[in-house]
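An overview of the molecular structure
Each chain is listed here by its residues.
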Number of protein chains: 2
Amino acid sequence: MQNAYKARPVIETEFLAEYDPTAYERPALAVDLVLLGLREGRPAALLLKREQHPHAGRWALPGGFVGIDQTLDAAALHVLHEKAGITGVHLEQLYTFGALARDPRMRIVSVAYLALLPEAALAEALERAPSLVAAGIEVPWSGEAGGDVVALSPKGEVLPLAFDHADILAMAMLRLRGKLDYSDVGFALLPEHFTLRQLQDVHEAVLGTTLNKPAFRRRMLDRGWLAPTGSREAGTSFRPAELYRFQPSR
Amino acid sequence: MQNAYKARPVIETEFLAEYDPTAYERPALAVDLVLLGLREGRPAALLLKREQHPHAGRWALPGGFVGIDQTLDAAALHVLHEKAGITGVHLEQLYTFGALARDPRMRIVSVAYLALLPEAALAEALERAPSLVAAGIEVPWSGEAGGDVVALSPKGEVLPLAFDHADILAMAMLRLRGKLDYSDVGFALLPEHFTLRQLQDVHEAVLGTTLNKPAFRRRMLDRGWLAPTGSREAGTSFRPAELYRFQPSR
DNA sequence: CCAATAGTGTCTATTAGACATTATGCT
DNA sequence: AGCATAATGTCTAATAGACACTATTGG
């Protein structure tokens, strides 16, 4: 079917009123999730190996179609629960991808979401959904312009990505880097109690840089987001660090 | 029709492979555009008065459905051209709105776009599409959290907004404020040649604050985005300002 | 010369980076 | 006591705001 719009003589008429959308073919609507955590100080995303055509053998983000009675957020939560077995993690909408041939089978528009997984949630997902693989994500650029990312298997082999999922991963890393130091997303990658060093490690891993320790501590403590728990980390052979909790706003 | 997903026993299976999406009802997919410019130093958005049910008498963003052979960007450009009669302005995807009852007639998921109109483009749209009204947008909040916005008619009356378009407008203002001082979007609201005072006026109008003149000049000139044209503004009864052009990156 | 705005110099306050020093828990 | 890392003090560099001052045009 060709373009479904009627010819319309004037531009000021109201679109919805003269258009019967049930009569025309609609794109399918899906969600794709970037399940992102940190493994050994590096960003890692959970991917599935495609067994079927198209892109068989390539690696894909978990996703699913949006039901007619499902909000976009609900569809994303459904995928999170049904395909990764987890709940209660940070989830935000990223961007909507609508290239015509992003899926060769049919027209699918996909709303991409970013989920941030603390280490425990990432481990839980890997356990409950054994076909998921934590792929290391290399981000060989900095700044606002973005660029390509590379997915690596645990052994360090490059994993070819299915569909436009490399673009989605790149968008996820760009968004995360952009929000990291003015928002509280960094805490979504940490357990409930954490040390300032762990927080700095998260920022360094996401940004791919090293940060100045005193300046980082000052900034974080001045934000008013950190509540001391009064206890210290255990099991070190040296001075144990203070444990903090994340305290939203104030 | 109820939830269209099959019951699936395991979480690791691939969704697309076992699902026939053509067999299930799909949400309709639309785009809605925030056509934003400045009028008398205030943000203004182009709205249409709805004549038909639902939300008759309320004011709506221009929008249209996404054709099966149309990318999202193409659908947004189509609306820009067909409903506002303009081309060549800054256009970016904002966010995708998918609440179940956002349109009472049927399930419509809408990808919102933000278009930034210099004064000439805004005037052109008002001329070519006489049913469009430039509504002043009041943004009674600051900071990253966002909040409600109010649309005002040229006479200052509050315009009730249709559907979830108040949310879309709020998201547009939040996005624009957030990007304004680290990106080059501010230039999208200016003509090709402009003075530093005009640039500062744009920033002040969008942010809803006043800014320090020397500091603003320093920052903008240090960015390397401003190329002097060598000419000055005309028609003033006082010292005329230098005219600059926007020079992307460097 | 005056009015009005463009454009700049300079001081201060704030914030970030560099680097060294002190503090502390464990063995 | 000594090790390893936590936590902090302090100097310097960079950046932003305040405010006054100079520059330039038309009338």
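Residues numbered from 1 in each chain as written. Chains lettered and ligands numbered in written order. Predicted model: local features only at pLDDT ≥ 70, side-chain atom pairs only at ≥ 80, totals over all residues.

Details of the overall build of chain A
Along the backbone of chain A there are five helices and 11 strands. A separation of at least 24 residues holds for 61% of the contacts in chain A among residues at least 6 apart in sequence. (Helix = DSSP H or I, 4+ residues; strand = E, 2+ residues; numbered from the N terminus. Contact = placed C-beta atoms within 7 Å.)

Regarding the packing of helix H3 (residues 165-180) of chain A against helix H4 (residues 196-207) of chain A
The relative placement of two packed helices is expressed as an angle between their axes plus a distance between the axes. All names here are of chain A. Direction vectors running N to C along H3 and H4 enclose 135°, while the axes themselves pass 9 Å from each other. On the basis of the axis angle, H3 is oblique to H4. The handedness of the crossing between H3 and H4 comes out as left-handed. Of H4, the residues touching H3 (which contributes Leu176, Arg177 and Leu180) are His203, Val206 and Leu207. (Axes fitted to C-alpha atoms, helices over the stretch in contact; angles between N-to-C directions. Parallel < 35°, antiparallel > 145°, perpendicular 65-115°, else oblique. Left-handed = near helix turned anticlockwise from the far one by under 90°.)

Notes on the protein's contact with DNA strand D
Residues in close proximity to DNA strand D total 19 residues, the closest being Pro214, Phe238, Ala241 and Glu242 of chain A together with Arg239 of chain B. Every element with two or more residues in the surface near DNA strand D is listed here: H4 and helix H5 (213-223) of chain A together with helix H5 (213-223) of chain B. Here the element with the most residues in the surface near DNA strand D is H5 of chain B; it accounts for four residues. Tallied by class, the residues present in the surface near DNA strand D amount to eight nonpolar, three polar and eight charged. (Near = placed C-beta within 6 Å. Nonpolar A, V, L, I, M, F, W, Y, C, P; charged D, E, K, R; others polar.)

Digging into the pairing of strand S7 (residues 132-138) of chain B
All names here are of chain B. Pairing analysis gives five bridges linking strand S2 (residues 42-49) to S7, with the strands arranged antiparallel. Paired with Leu46 across the strands is Ala134, a residue of S7. Pairing analysis gives three bridges linking S7 to strand S8 (residues 150-152), with the strands arranged antiparallel. Across the sheet, Ile137 pairs through a bridge with Ala151, a residue of S8. (Pairing = 2+ DSSP bridges.)

Structural notes on the packing of H4 of chain A against H5 of chain A
All names here are of chain A. As a packed pair, H4 and H5 sit with axes 11 Å apart at the nearest point and diverge in direction by 105°. As summarised for this structure, H4 and H5 are arranged roughly perpendicular, according to the angle between their axes. Between H4, through Leu196, Leu199 and Gln200, and H5, the contact on the second element is made entirely by Lys213, Phe216, Arg217 and Met220. Classifying every residue of the contact of H4 with H5 by side-chain character gives four nonpolar, one polar and two charged.

What to know about the protein's contact with DNA strand C
Lining the immediate environment of DNA strand C, one finds 20 residues, of which Arg239 of chain A together with Pro214, Phe238, Ala241 and Glu242 of chain B sit closest. Mapped by element, the contributors of at least two residues to the surface near DNA strand C are H5 of chain A together with helix H4 (196-207) and H5 of chain B. Element by element, the count of residues in the surface near DNA strand C is highest for H5 of chain A, at four residues. Looking at the surface near DNA strand C, its residues break down into eight nonpolar, four polar and eight charged.

Remarks on the sheet that holds strand S11 (residues 242-246) of chain A
All names here are of chain A. Ordered in space as S9-S11-S10, the three strands form an open sheet in which the pairing is antiparallel. A strand with exactly one partner marks an edge of an open sheet, and here the two such strands are strand S9 (193-194) and strand S10 (226-232). One ladder, built from two bridges, connects S9 with S11; its direction is antiparallel. Note on S11: the bridge partner recorded for Phe194 is Tyr244.

Description of the sheet that holds strand S11 (residues 242-246) of chain B
The sheet built from three strands is open, its strands ordered S9-S11-S10 (chain B) with antiparallel pairing. One side of each edge strand has no neighbouring strand; the edge strands of this open sheet are strand S9 (193-194) and strand S10 (226-232) of chain B.

Focus on helix H2 (residues 119-128) of chain B
Residue and element names in this part refer to chain B. Buried within H2 are the following residues: Ala121, Leu122, Ala125 and Leu126. For H2, the arc enclosing every buried residue in end-on projection is 140°, short of the 170-degree limit, so these residues lie on one face. Opposite the packed face of H2, turned more than 90 degrees from it, sit the exposed residues Ala120 and Glu127. Summarising the contacts, the buried residues of H2 are in contact with strand S1 (28-39), S2, helix H1 (72-84) and S7. (Buried ≥ 20, exposed ≤ 12 C-beta atoms within 10 Å, placed from the backbone. Arc of directions from axis to C-beta.)

As for the confidence of the model for chain A
Low-confidence regions, as indicated by low pLDDT, have predicted coordinates that should not be scrutinised in detail. The pLDDT averaged across chain A works out to 92; a share of 91% of its residues lies at or above 70. Under a pLDDT of 50 for its full length, residues 1-17 of chain A has, in the predicted model, 28 contacts with residues more than four places off or in other chains. (pLDDT = per-residue confidence, 0-100.)

Quick word on the environment of Gly41 of chain A
Residue and element names in this part refer to chain A. Within the secondary structure layout, Gly41 lies in the loop between strand S1 (28-39) and strand S2 (42-49). Distance from Gly41 to Gln198, taken between C-alpha atoms, is 9.8 Å for residues 157 residues apart in sequence. With residues near it in sequence (within four places) discarded, Gly41 still touches Asp201 and Ala205.

Let's talk about the nonpolar core
Val34, Ala45 and Ala115 of chain A together with Val34, Ala45 and Ala115 of chain B are the most contacted members of the largest nonpolar core, which totals 135 residues. Beyond its immediate stretch of four places on either side in the chain, Ala45 of chain A contacts Val34, Leu35, Leu36, Ala135, Ile137, Ala151 and Leu169 of chain A. (Core = buried A, V, L, I, M, F, W, Y, C linked by C-beta atoms within 7 Å.)

So, the domain arrangement of chain A
Residue and element names in this part refer to chain A. Each assigned domain of chain A is listed here: domain 1 (1-181) and domain 2 (190-250). The C-alpha centroid of domain 2 is placed 30 Å from the C-alpha centroid of domain 1. The interface is formed by 11 residues belonging to domain 1 together with nine residues belonging to domain 2. Where the side of domain 1 that touches domain 2 is concerned, the elements lending two or more residues are S2 and H3. The residue makeup of the side of domain 1 that touches domain 2, split by class, is seven nonpolar, two polar and two charged. (Domains from an automatic or database assignment.)

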